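Listed here are the chains, written in short residue letters.
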Amino acid sequence: SKQNAKQKTKIDICWSKVKDYFQTFKEWFDDLELYHYIGYLVEYNYSLSGLVSEWHCSKNKDSFVNYLKAEIKKKIEGCPKLDFQYKEDGNDKGRCKPILLFQNIQTVINQNKNNLSNENYKLAVFYKFPFHLYKLENWDVEHINSNTTNDEEDANTQNEWLLNVYLSADDDTQQKIRSYFESSNDKKEKLFEEIKKKIPQNEEWTPIEKNRIWNYTLLDSSTNRSYGNAIFSGKRRVIIGKDKGLSIAIPKIGKDGKLQLGEEKKAKSSFVPPCTKQVFMKYYSATMSDANYWTEIDAKGYLKDIDDCIKKLEE
């Protein structure tokens, strides 16, 4: 009958639309730039149906990628400039979150492209930013160097600081460090001050310097709470543990004077964005500076990488 024919036509039209959406989403998922740029825009409430319409109106993939880049650039331009001075209490630091998320997205794209240029790699995309994991946890912009001063006054911080300078210290200082761990609590403070005077000190960061984008990274709230006002090396240990699903204790010095790795226990793992990991690996520095601190050299290298990622939107 005519009614059945009309009903079949409607079903065919609907099914054709379903197939069209499926094929579009599959093409986006399989493409390095489309997956990441669209994922970024969807994170900031861009309409999927609107993006599909733009996709169909575009002459080709390149013109659609250029459209995506232009939209991302608008989002980035709505953030403060890279030299912006945030409030000294850091309560407006969240304004740079779109920049830091984009740095992570562009970093993944860059890493994939670098590996794809190597003929030994055969996979189309070997790693994708896991947006589903990013959405699961309460992510925010946090300080790399703690905003509050840590004067290495508590025992855990002193232990962490000493163990991170131990291997590079001279024999006399190493002996003093071993004595520190073997001494009673009432003698430790004096020993710590003696040792610290012999170790070249890192520059002090002012509250103003601490509240620029070069001292911000993305962290989930549970990780940030877990280490509080720890020094950089302590934060690094916690971040590595989160990534591995382990709770890693502060290392110890054995009776033979050799450094022993801290005990590892199973713990809840968290997704750690690539740029956050690279911050705590000091990836952005050409040379490995003080392991206990996030230095100005580290910060400048990190800032350059953020800027380089943003410039990719112009290519």
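Residues numbered from 1 in each chain as written. Predicted model: local features only at pLDDT ≥ 70, side-chain atom pairs only at ≥ 80, totals over all residues. Heavy atoms only, no water.

### Observations regarding the overall build of the protein chain
For the record, the criterion: Here a helix means four or more residues in a row that DSSP labels H or I, a strand means two or more in a row labelled E, and each is numbered from the N terminus. As a reference, a globule follows 2.2 Å times the number of residues to the power 0.38, and the radius of gyration itself is taken over C-alpha atoms. Partly exposed describes any residue whose relative accessible area lies between the buried limit of under 20% and the exposed limit of over 50%, with all areas from a 1.4 Å probe on protein chains only and scaled to the type maximum. Whether two residues touch is decided by their heavy atoms; if any such pair falls within 4.5 Å, the residues are in contact. All accessible areas in this document rest on Shrake-Rupley with a 1.4 Å probe, and a residue is counted as covered only by the protein chains that are shown. Counted as positive: Lys and Arg. Counted as negative: Asp and Glu, with His and the chain ends omitted from the count. The atoms used to mark charge sites are NZ of Lys, CZ of Arg, CG of Asp and CD of Glu.
A tally of helices and strands in the protein chain yields 14 helices and six strands. Computed over its C-alpha atoms, the radius of gyration of the protein chain comes to 25 Å, more than 25% above the 20 Å expected for a compact globule of 315 residues. Across the 315 residues in the protein chain, those meeting the buried criterion constitute 44%. The contacts in the protein chain between residues at least 6 apart in sequence include a share of 69% that link residues at least 24 apart. Of the roughly 17,900 Å² of accessible surface on the protein chain, 51% is carried by carbon and sulfur atoms. Charge-centre separation for the protein chain: the mean point of 50 positive side chains lies 7 Å from the mean point of 48 negative side chains.

### What to know about the packing of helix α7 (residues 155-166) against helix α9 (residues 185-198)
Convention followed: Convention adopted: a line fitted to C-alpha atoms gives each axis, helices being fitted over their contacting stretch, and angles between N-to-C directions are expressed from 0 to 180 degrees. Whether a crossing is left-handed or right-handed is set by the direction in which the near helix is turned from the far one by less than a right angle, anticlockwise for left-handed and clockwise for right-handed. When residues are sorted by character, Ala, Val, Leu, Ile, Met, Phe, Trp, Tyr, Cys and Pro go into the nonpolar class, Asp, Glu, Lys and Arg into the charged class, and all the rest, Gly among them, into the polar class.
Viewed as axis vectors pointing N to C, α7 and α9 meet at an angle of 35 degrees, and their least axial separation amounts to 12 Å. Considering the relative orientation of α7 and α9, their crossing is left-handed. In this structure, α7 uses Gln158, Trp161 and Leu162 to contact α9, whose residues at the interface are Glu189, Phe192, Ile195 and Lys196. A per-class count over the contact of α7 with α9 returns four nonpolar, one polar and two charged.

### A short note on helix α14 (residues 296-311)
Using the following cut-off: Each helix should span, by expectation, one fewer than its residue count multiplied by 1.5 Å.
A rise of 1.5 Å per residue sets the reference length of α14, with its 16 residues, at 22 Å; its end C-alpha atoms lie 22 Å apart and thus fit the reference within 8%. Listing the buried residues of α14 in full gives Asp298, Ala299, Gly301, Tyr302, Asp305, Ile306, Cys309 and Ile310.

### Digging into the environment of Gln175
Tracing the sequence through the fold places Gln175 in helix α8 (residues 171-182). On a C-alpha basis, the gap between Gln175 and Ile195 in space is 9.9 Å, while along the polypeptide they are 20 residues apart.

### A closer look at the packing of aromatic side chains
This is how it is decided: Note on aromatic contacts: the rings of Phe and Tyr and the six-membered ring of Trp form a pair at centre separations within 6.5 Å, being stacked when their planes are under 30 degrees apart, edge-to-face when over 60 apart, and tilted otherwise. By definition here, charges over rings are those cases where NZ of Lys or CZ of Arg is within 6 Å of the ring centre and within 35 degrees of the ring normal.
Under the counting rule described, the total for this entry stands at 26 aromatic pairs. Judged by centre distance (5.2 Å) and plane angle (20 degrees), the rings of Phe232 and Phe280 are stacked. Of the two residues, Phe232 sits in helix α12 (residues 232-244) while Phe280 sits in helix α13 (residues 274-280), which places them 48 residues apart along the sequence. Phe280 carries the same exposure label as Phe232, and that label is buried. Taken together, Phe29, Tyr35, Phe129, Phe131, Tyr134, Trp139 and Phe271 form an aromatic cluster joined through their ring pairs. The positively charged end of Lys188 is found above the aromatic ring belonging to Tyr180, 5.1 Å away from the centroid. If you follow Lys282 out to its NZ or CZ, it ends over the ring of Phe232, 5.2 Å from the centre.

### With respect to the layout of surface pockets
Rule in force here: Each cavity reported here is a set of points on a 1 Å grid over the protein atoms alone in which a 1.4 Å probe fits but cannot get out, each pocket an open set with protein on both sides within 12 Å along at least five of seven lines, and each lining residue one with an atom within 4 Å of a point. Grid points are joined across faces, edges and corners, and a volume is the space filled by probe spheres set on the points.
Quantified by volume, the largest pocket comes out at close to 420 Å³. Contributing to the lining of the largest pocket are 18 residues, with Asn164, Arg236, Arg237, Pro251 and Leu261 lying nearest its centre. Among the secondary structure elements, those contributing two or more residues to the lining of the largest pocket are α7, α12 and β5 (259-260). Top element by residues in the lining of the largest pocket is α12. It accounts for five residues. Classifying every residue of the lining of the largest pocket by side-chain character gives nine nonpolar, four polar and five charged.

### Notes on the pairing of strand β2 (residues 216-220)
Looking along a regular strand, one sees side chains alternate from face to face of the sheet. For the record, the criterion: When DSSP finds two or more bridges between two strands, those strands count as paired.
Burial analysis of β2 places five of its five residues in the buried class, which makes it a mostly covered element. Burial along β2 is two-sided: the face carrying Tyr216, Leu218 and Asp220 and the face carrying Thr217 and Leu219 are both buried. For strand β1 (residues 139-143) and β2, the ladder comprises five bridges, and the chain directions are antiparallel. Pairing of Trp139 across the sheet is with Asp220, part of β2.

### Focus: the pattern of salt bridges
Short version of the rule: One side-chain nitrogen of Lys or Arg within 4 Å of one carboxyl oxygen of Asp or Glu is enough to make a salt bridge.
If you walk through the whole model with that rule in mind, you get 16 salt bridges. Two residues, Glu160 and Arg237, come together in a salt bridge whose shortest N-O distance is 2.6 Å. Of the two residues, Glu160 sits in helix α7 while Arg237 sits in helix α12, which places them 77 residues apart along the sequence. Of the charged contacts, one joins Lys304 and Asp308 as a salt bridge, the two residues approaching to 2.8 Å between their closest N and O atoms. Of this pair, Lys304 and Asp308 both sit in helix α14, four residues apart, roughly one helical turn. The network of salt bridges with shared partners includes Asp172, Lys176 and Lys198.

### Overview of α9
What counts here: To obtain the arc, one takes the directions from the helix axis to the C-beta atoms.
Given a rise of 1.5 Å per residue, 14 residues ought to cover 20 Å, and the 21 Å separating the end C-alpha atoms of α9 matches this to within 8%. Within α9, the full set of buried residues consists of Lys188, Leu191, Phe192, Ile195 and Lys196. Seen along its axis, α9 keeps its buried residues to an arc of 135 degrees; they face one direction. Relative to its buried face, α9 has exposed residues pointing more than 90 degrees away, namely Asp186, Lys187, Lys190 and Lys197. Its buried side turned inward, α9 meets α7 and α8.

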